[in-house]
Amino acid sequence: MAQLWGGRFTKETDQLVYQFNASISFDKRFYAQDIRGSIAHVMMLARQGILTDTEKEKIIEGLEGILSDVDNGRLEITEQYEDIHSFVEATLIDRIGEPGKKLHTGRSRNDQVALDMKLYTRDEVHMLNQLVKELLQAILVIMEEHVDTYMPGFTHLQKAQPVTLAHHMGAYFEMFCRDHERLKDIYGRMDTCPLGSGALAGTTYPLDRDYTASLLGFKGPTRNSMDGVSDRDYLLELLSALSILMMHLSRFSEEVIIWNSNEYQFVEIDDAYSTGSSIMPQKKNPDIAELVRGKTGRVYGALQGLLVAMKGIPLAYNKDMQEDKEVAFDAIDTAKGCLGLFTGMLRTMGFKKERMEESAKLGFTNATDAADYLVNHGVAFRDAHGIVGQLVLLCIEKDMTLSELPLEEYQKISPVFEEDIYQAVSMETCVNKRVTKGAPGRAAMEAEIAECRKYLGEY
Ligand code: ARG
C-alpha cells in the first residue's frame, strides 16, 4: 500500500477498503496524460516563481524519464499504488528526491483527475472521429459504384418503392455524418482546462491558469473551480453520442444480417469477416454484424450507469465520480472496435446487383408509379389508388408483375392505360423520375454524392 495522505491517520487502511477505493487498475491507462498535465503544471509554477528553474528542470526530466520508461516497458505500473497520480508522484520522489515533493504544489487530485480524464477523452474523441470518417469514406465508395443498382426500399419491412443501393447507403452516410458533427461539438464544448481549480476552491498560489491551459492546447481554463472539479457532462455527452452512433451501427448491422440471409441474398459477407458453425458444415454466419448489434447494449448501459451515478452528487468532488472511468473506457473501446470492424466488413462485402434488382421488380414496388401514371392522365389520386389496387389483386391471382400484365387486362380495369404504361412502371423510370432533392433518381443522387464528397474534403 502506498498512499499520499497518511499524516492524520493513526491506523493502516483495512486491506479490503484499500482495494475497494483504489483506481490504479483502470486509471493507469492515462499515465501519459497525467504526466503531460504535471509537466505543464510545473512549467507554470516555475514561470510564476513558485518553483525555481532548477527544480522545474529536475522535475520535468524525472517525469519524462518515467514516461519513456513506462512507454518502453522498463517501468511497470504496479497496483501497490492507490491511483496513477500516486504512482507518478511517488516514483518521481524515489527517483529525484526533494524537488519531486514540490510537484503537487497548488494542485489537488481532484483537479488533476478532472484534467487527466479530459485529456484522455479529447484524444479518444479525435480517434473516434477519424474512424467515423473512414466509415463515411467506405460508404461513399459504395454510393459512387451503385447509382444504378436498383433495389426495393422498405417500410414495415415490406417492399414499398424502388430505390437504389446508392440511395440506401446515402441514408447511412447522413446518420454517421451527424455522429461526426456531434463528436466535433462535444470536442468544442469540453475544450476548457480544469487544472488550477484545486480541491474545489482554487488555490492561494498565484497560478496562471491561462498559461497552463494554453500549454495543454485548451482554448482556456474552466470558469468556476467547483464546477471544474465536478463536471462530468462532457463524458455524458460523449456516451450519449456514442449510444446514438452505436444505434446507427446496430441498425446497419441488422440490415446486413437480413441482406446476408439465405432468403434475401442481397449481399455476401467476405469469408474473412464471417464465421462458421462447429456442427453445421454449410454455415457462414454474420457474427461480426451480430456482435456489433449486441455490443450496442453495453454502450447504452454505460450512459445509463453514469447518468444514475451522477444524479445525486452534491458539489463538489465526491468519490462516486471515480465510477466515470471504467464505463467510459469500455464504451470508447467498444465503439472504436465496432467502427473499425464494421468498416472492414463493409469494404469487403459483395453486393449482388441482379438479385437486388430482381427483388425490386417483385412485390409491386412500382404500384405508386402506376397510380401516378393515371393521375398524369387526369384521374384523381384517390381513384387511381383504387384502380391500381384492383390491378395488384389481379396480378396476384395471375402470378404476374405489373410489367407482365397484358395491356387488355389493364384496360379492362381502366381505359386510360395505353402502351406507355410499361415504360412508366419500369424500374428505371420509377427511380430516375424521382429527382427532387434527396430522392434516388440519378440526377438527385449525383448531386447528393457530390455534397458527400465535399463533406469529406474530397472534391
Ligand atoms: N481516483 C480518483 C478519481 O478517479 C482520483 C481523485 C481522488 N481524489 C480524492 N479526493 N480522493 O476520481
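Residues numbered from 1 in each chain as written. Predicted model: local features only at pLDDT ≥ 70, side-chain atom pairs only at ≥ 80, totals over all residues.

We now examine the site of the ligand. For the ligand, the full set of nearby residues is S23, D27, D83, R109, N110, V113, Y317, K319, M321, Q322 and K325. Here the shell around the ligand gets three residues from one element, more than from any other, and that element is helix α6 (residues 109–145). (Near = placed C-beta within 6 Å. Helix = DSSP H or I, 4+ residues; strand = E, 2+ residues; numbered from the N terminus.)

Of all hydrophobic cores here, the largest spans 74 residues; its most connected members are I139, F173, L239, L242, A331, A335 and A370. Tallying contributions element by element places helix α10 (residues 233–259) first for this core, with 13 residues. Counting the residues that make up this core, at least three belong to each of domain 2 (128–149 + 167–204 + 218–352) and domain 3 (362–455). Residue contacts for A331: discarding those within four places in its chain leaves L239, L242, V299 and A302. Core analysis: the next-biggest nonpolar cluster, separate from the first, contains 33 residues, L63, I66, M117 and L119 among them. (Core = buried A, V, L, I, M, F, W, Y, C linked by C-beta atoms within 7 Å. Buried ≥ 20, exposed ≤ 12 C-beta atoms within 10 Å, placed from the backbone. Domains from an automatic or database assignment. Contact = placed C-beta atoms within 7 Å.)

Right, let's talk about the packing of α10 against helix α11 (residues 287–310) for a bit. Here α10 crosses α11 at 160°, and the two axes come no closer than 8 Å. By the angle between their axes, α10 is roughly antiparallel relative to α11. By crossing handedness, the relation of α10 to α11 is classed as left-handed. For the contact of α10 with α11, a count of residues per class yields 17 nonpolar, five polar and three charged. (Axes fitted to C-alpha atoms, helices over the stretch in contact; angles between N-to-C directions. Parallel < 35°, antiparallel > 145°, perpendicular 65-115°, else oblique. Left-handed = near helix turned anticlockwise from the far one by under 90°. Nonpolar A, V, L, I, M, F, W, Y, C, P; charged D, E, K, R; others polar.)

Here the focus is the packing of α11 against helix α12 (residues 324–348). Direction vectors running N to C along α11 and α12 enclose 155°, while the axes themselves pass 9 Å from each other. Between α11 and α12, the angle is such that the two are roughly antiparallel. Seen along the crossing, α11 lies across α12 with a hand that is left-handed. Between α11 and α12, the residues in contact are I288, A289, V292, K295, R298, V299, A302, G305 and L306 and D324, V327, A328, D330, A331, T334, A335, C338, L341, F342 and M345, respectively. Taken together, the residues of the contact of α11 with α12 sort by class into 14 nonpolar, two polar and four charged.

What follows is about the UniProt feature "domain: Fumarate lyase N-terminal" (unreviewed entry) in the protein chain. According to UniProt, the "domain: Fumarate lyase N-terminal" (unreviewed entry) feature falls on residues 7–301. In this annotation, residues 7–301 is assigned 60% helix and 6% strand; the end-to-end C-alpha distance for the span is 40 Å. (UniProt positions renumbered as here; feature names shortened; annotations may be inferred.)

Here the focus is the pairing of strand β2 (residues 158–164). Pairing of strand β1 (residues 150–155) with β2 involves six bridges; the strand directions are antiparallel. Along β2, the bridge assignment pairs M151 with V163. Connecting β1 to the antiparallel partner β2 that follows it, the hairpin turn spans two residues, and H156 within it adopts a positive phi of roughly 55°. (Pairing = 2+ DSSP bridges.)

Turning our eyes to something else, we now look at unusual backbone geometry. Omega for the bond connecting L315 with A316 falls within 30 degrees of zero, at 0°, which places this linkage in the cis form. Inspection of the secondary structure assignment puts A316 in the loop between α11 and α12. Although it is not a glycine, H156 sits at a positive phi angle of roughly 55°. Within the fold, H156 resides in the loop between β1 and β2. Look at D399: it is not a glycine, yet its phi comes out positive at around 55°.

Quick look at the domain arrangement of the protein chain now. Taken domain by domain, the protein chain consists of domain 1 (15–105), domain 2 (128–149 + 167–204 + 218–352) and domain 3 (362–455). The distance between the C-alpha centroids of domain 1 and domain 2 comes to 32 Å. In this assembly, six residues from domain 1 lie in contact with five residues from domain 2. Of all the secondary-structure elements, those providing two or more residues to the side of domain 1 that touches domain 2 are α2 (24–27) and α3 (31–47).

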